[in-house]
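Secondary and tertiary structure notes
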Amino acid sequence: MDFGLKYVARHLLFILLVAILCLIFLAIGLMLGYSIFGQGDNPFAILSPNKWSDIFAKFTG
């Protein structure tokens, strides 16, 4: 096995790529769930901080 800096960098890049893909798919899932299944108007509205503060306010009182 190659335990050099190139080996570590390649694995860190792979982990970063997977994390970015997870965030993209999370955003797509939120947009689909809000606009299609939740009957919201604008699919990009779920990504705004104002919408998330409203959601947190509903659960925290």
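Residues numbered from 1 in each chain as written. Predicted model: local features only at pLDDT ≥ 70, side-chain atom pairs only at ≥ 80, totals over all residues. Heavy atoms only, no water.

1. What to know about the UniProt feature "transmembrane region" (unreviewed entry) in the protein chain
Which entries qualify depends on this criterion: UniProt positions are given in the numbering used here, feature names are shortened, and annotations may be inferred rather than shown by experiment. Elements are defined by DSSP. Helices are runs of H or I of four residues or more, strands are runs of E of two residues or more, and each kind is numbered from the N terminus.
Under the present numbering, the feature "transmembrane region" (unreviewed entry) in UniProt falls on residues 12-37. For residues 12-37, helix accounts for 100% and strand for 0%, while the C-alpha atoms at its two ends are 36 Å apart.

2. Details of the packing of aromatic side chains
Our working definition: For this analysis, a ring pair means two rings from Phe, Tyr or Trp (six-membered ring only for Trp) whose centres lie within 6.5 Å, classed as stacked if their planes differ by under 30 degrees, edge-to-face if by over 60, and tilted for the remaining angles. For every residue, the accessible area obtained with a 1.4 Å probe (protein chains only) is divided by the maximum for its type, and the residue is called buried under 20%, exposed over 50%, and partly exposed between those limits.
Applying the stated rule across the entire model yields 1 aromatic pair. Seen from their ring centres, Trp-52 and Phe-56 are 6.0 Å apart, and the 45° between their planes marks the pair as tilted. Of this pair, Trp-52 and Phe-56 both sit in helix α2 (residues 49-60), 4 residues apart, which is roughly one turn of that helix. For Trp-52, a relative accessible area of 29% gives the class partly exposed. A residue is classified by how much of its surface remains accessible, and Phe-56, at 53% relative accessible area, is exposed.

3. Some remarks on α2
Using the following cut-off: Multiplying one less than the number of residues by 1.5 Å gives the expected span of a helix.
Between its terminal C-alpha atoms α2 stretches 16 Å, which fits the 16 Å expected from 12 residues at 1.5 Å a residue. The buried fraction of α2 is low, at 0 of 12 residues. A positive backbone phi angle near 100° is found at Gly-61, which sits one or two residues after α2.

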